[in-house]
Amino acid sequence: MFYQMTKEAVCEQLGVESRVGLDPLVSKQRLTENGPNALAQESPVPSWRLFINQFNDVMIFILMGAAAISFLAHEPADGFIILAIVFLNGVLGFVQENNAEKSMQALKKMQIPYAQVLRGGVLLRLPSIDLVAGDIVQLNSGDIVPADGRLIETAGLKIEESQLTGESVPVDKHTRVISEDNPPIGDRYNMVYATSRVSAGRGRMVVTQTGMNTEIGHIAGLLSREVEEKTPLQIRLAQLGKMLGISAVGICAFIFVVGWLQGREVFEMLMIAISLAVAAIPEGLPAIVTIVLAMGVKRMIKSNAIVRKLPAVETLGAASVICSDKTGTLTQNKMTVTHIVIDERVEVSKIKTLDDRLRMLIETAVYCNDAGLSQNSDGTLLVGDPTETALLVMGQLFGINQGTLETGNRKGEVPFDSDRKLMSTFHEQNGGYRVSVKGAADQLLERCDYLMSSDGIHPLTDADKTRIINEVKALSKEALRILGYAYQVVDQLPGQMTSETVETGLIFIGLTAMMDPPREEVKHAVATAHAAGIRVVMITGDYKETAMAIARELGIMAADDKALSGAELDALSEEQFSTEVEQIAVYARVSPSHKVRIVKALREKGKIVAMTGDGVNDAPALKGADIGCAMGITGTDVAKEASDLILTDDNFSTIVTAVKEGRTIYDNIRKAVIFLLSSNTGEIVTLLVAILIGWKAPLLAIHILWINLVTDSFPAIALGLEPSEKGLMTHKPRQPETPILGDGLAGLILLQGFMIGALSLTAFIIGQQTDLVTARTMTFLTLSLSQLVHSYNVRSRSLSLFTLGFFTNHYLNLGVMASLASLFTVYFVPPFRDIFKLTLLSWTSFLTCIGLSLLTLVIMESVKLIKR
């Protein structure tokens, strides 16, 4: 067993040199032989089954019954046309669902995790799926372990293995041999397992098992499969469909009884009742919602936002507060050391020679550093955190780098922690060990007892501390990021590497100041968010003065807004914080635990909160927020897994773009709902009024089926792809609990439906002056054309079509043209005209149908004008 072998023996057995890694050719061969590092996936639904599933629906069964009744009533033409329409609807549904499935599969491929792998002596960032046995993998805080492996190097490494052991408490790991035979997984302290999380520290492992051979692979069959999530909107629409279905049954029964009492034929009334059932239920709506959501997700990907959970698309449109990290999200995350402070502030560019203190400070910055610099064909390659790479670049300016320092390899460390905001390392030097510490100046000063001055080491006085803190505040007001440096020399390594044993009695050296300029596009994005009624809140671990300076520059902080530090937040009771939370625009010097409190307070105020995060400790806040936004570049695997949205460019502007897209998608789905329900209401009104009056049915079952499943589908999908309305980002966020037919939509749908029904009945009355076939033909044409014209009305509830422009939604133009082509094929081609029991109208009657249809545009434009 690997845990019973030394790390050297494990590497030898797997044929790898721990300092070099596998040769790329060897890894390629092993990947071919053993397959990818992935669990077996559930096979996708075959295309043929996807097609068959389109016909597994109650409405389809009803239509099949209608076709059977037509054949029994010696109306084979009706029966065949109903079957043809059902088949065509199945094809359309299959194409839409297949496209949506492909979009979601492409989305999953974009979320493949990566790992840092040593191959051929070069540390590479590779997809975890490409790992093979023998690969040397770097593990950092926040990573998800990509495969099973034997640890060969650790530094304060803690792994959370709850998926395998059920224990959520992180386990301390080491590299020593375990002699016990077959210990439980939780007791194999020198092993790590796929899907476990690195909660603290860092380490290196050699991969021992991949894919289905891992421990998690052995129990993969017992793992719960991923369940496709429905958005709240989809759930509400499904409920609406059920309600309409029940209503349809009631209407059908009522009409059937009325017709029977009027002495109509049973078969005729049965067909009319079925037609009404079809008219009452918008069969295409679920497929349309799915494809609109899928298309929206694809658009978001192009805008650098990967949606991990589909309900987030809808929630984004209702966001009322965006809590954003500063560094890298609001700023460029391109750090440059501009000043060094020893006794006084000095610009780095003006330093010509190094005295002992300057050299000590720069060496400490390079020692206490997890980043790396390497040369390639494109020049210097920076690997690691931008703050740390900036320090290495500063060291290079003065010829100081990790390769030239006269010390041994790192012998120990206390990794950076976002709560204490410090990092310490141990290096051998002159028979002892040099401790190098860097971090937040205020935290560091609390752990320093001495000061390195021009004439030697002296006790650190309160006056010294005050002078240093004042300098920190002055630099912070200039939006500079400040780090402090300290050191000490010890004879031996402590028994336990903790902050308490290492970071005490230190010698303070000085400060560095870095510039991280704001992103140019963020100021406009903040203004857009404010115009949309969305508050922007900055959350940072940086100094209060620095945060306030950047917040004012970006327009986040107004004159009457407040800024709060982590210490000040701790001092507030829950009641006090609840009172003030809506006035606070900046939180500085906060830890991840504060983020959770901020999210909770805002949500208790009824806000829909989007929260950004990148670290392991940000995961609770990301999960607690309505929309957790993880950073795609700097974000840890744990943060990404906890998020709803991944920003692939770590840019605040992407969140605002995603909010706009979320609003657009929700708005467009409502437009499709308005169009389909108002069209269906028009059909119901046309049939219902005619039957109650005692007229012959103005429409046959095949007429309504054709209109619902063919004529209406194309415009409805196109409305789902409508561009964002002007002024969309000037409205306040909607309340999530607002019903889909809220804001007066139910009344509007009824009015529009009565309008379409009235125009269709008018056509029927005019046509009856000739004969019944002419009347039905005029009704069919008027109803179809008026719904197509009405699709343009639905594009906006307030703006005129002439303001929007006829050609701004080319999808709608194409959809209407496709619907017109199908309509005129049925009308003008004699065989189809005969099947649908239509007649060729006189030009006067044909133009009358067009005129009545265009009245829908005139009426709705007049209503909009009165509204405005």
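Preceding this section is the structure that the text describes.
So, a few notes on the structure that sits alongside this text. (Residues numbered from 1 in each chain as written. Predicted model: local features only at pLDDT ≥ 70, side-chain atom pairs only at ≥ 80, totals over all residues. Heavy atoms only, no water.)

**Considerations on the pairing of strand E19 (residues 480–490)**
Put simply, side chains in a regular strand alternate between the two faces of the sheet. Within E19, eight of the eleven residues are buried, which leaves it mostly tucked inside the rest of the structure. Of the strand pairs in this sheet, strand E16 (residues 432–439) and E19 are connected by seven bridges, and their pairing is antiparallel. The residue bridging Val-437 from the neighbouring strand is Ala-486, located in E19. (Buried < 20%, exposed > 50% of the residue type's maximum accessible area, 1.4 Å probe, protein only. Helix = DSSP H or I, 4+ residues; strand = E, 2+ residues; numbered from the N terminus. Pairing = 2+ DSSP bridges.)

**Section: the packing of helix H24 (residues 652–693) against helix H28 (residues 772–793)**
Where H24 contacts H28, the axes come no closer than 10 Å and their chain directions differ by 160 degrees. When the interaxial angle is binned, H24 and H28 end up roughly antiparallel. Handedness of the crossing formed by H24 with H28: right-handed. Along its contact with H24, which presents Phe-675, Ser-678, Ser-679, Gly-682, Glu-683 and Thr-686, the element H28 presents Thr-779, Leu-783, Gln-787, His-790 and Ser-791. (Axes fitted to C-alpha atoms, helices over the stretch in contact; angles between N-to-C directions. Parallel < 35°, antiparallel > 145°, perpendicular 65-115°, else oblique. Left-handed = near helix turned anticlockwise from the far one by under 90°. Contact = heavy atoms within 4.5 Å.)

**Re the state of the cysteines**
Taken as a whole and assessed by the stated rule, the structure comprises zero disulfides. Just so you know, Cys-323 is unpaired, no disulfide at all, and the nearest cysteine sulfur is the one on Cys-629, 10 Å from it. (Disulfide = S-S within 2.5 Å.)

**Quick notes on the nonpolar core**
Leu-237, Phe-652 and Ile-669 are the most contacted members of the largest nonpolar core, which totals 81 residues. At 14 residues, the largest contribution of residues to this core is made by H24. Among all residues touching Leu-237, those that are not within four sequence positions of it are Leu-285, Val-289, Ile-669, Val-673 and Ile-740. Ile-274, Ile-702, Ile-704 and Phe-836 belong to the second largest nonpolar core, which has 52 residues in total. (Core = buried A, V, L, I, M, F, W, Y, C linked by side-chain atoms within 4.5 Å.)

**Focus on empty space enclosed by the protein**
Counted under the stated rule, the structure contains four cavities of 30 Å³ or more. Computed from the structure, the largest cavity encloses a volume of approximately 120 Å³. Along its surface, the largest cavity is lined by Ile-674, Leu-748, Gln-752, Asn-793, Val-794, Ser-796, Arg-797, Met-860, Val-863, Lys-864 and Lys-867. No other element matches the four residues that helix H32 (residues 843–867) contributes to the lining of the largest cavity. (1 Å grid on protein atoms, 1.4 Å probe; cavity = no way out; pocket = protein on both sides within 12 Å on 5 of 7 lines; lining within 4 Å. Points joined across faces, edges and corners; volume = space filled by probe spheres on them.)

**Some points on the pattern of salt bridges**
Charged atoms that come close allow side chains of opposite charge to pair. Under the defined criterion, the tally for this structure stands at 32 salt bridges. The closest approach of N and O atoms between Glu-661 and Arg-299, which form a salt bridge, is 2.7 Å. Taken as a pair, Glu-661 in helix H24 and Arg-299 in helix H10 (residues 285–302) lie far apart in primary sequence, 362 residues in all. What makes Glu-661 buried here is its relative accessible area of 14%. What makes Arg-299 partly exposed here is its relative accessible area of 25%. Asp-442 serves as the salt-bridge partner of Arg-589, at 2.7 Å between the closest nitrogen and oxygen. Taken together, the residues span a long stretch of sequence, with Arg-589 in the loop between strand E23 (584–588) and helix H21 (592–604) and Asp-442 in helix H14 (residues 441–445) at a distance of 147 residues. Under the relative-accessibility criterion, Asp-442 is labelled partly exposed at 26%. (Salt bridge = Lys/Arg side-chain N within 4 Å of Asp/Glu carboxyl O.)

**A look at the environment of Tyr-367**
You can see Tyr-367 is positioned in helix H12 (residues 356–367). Sequence separation between Tyr-367 and Leu-687 is 320 residues; the distance between their C-alpha atoms is 83 Å.

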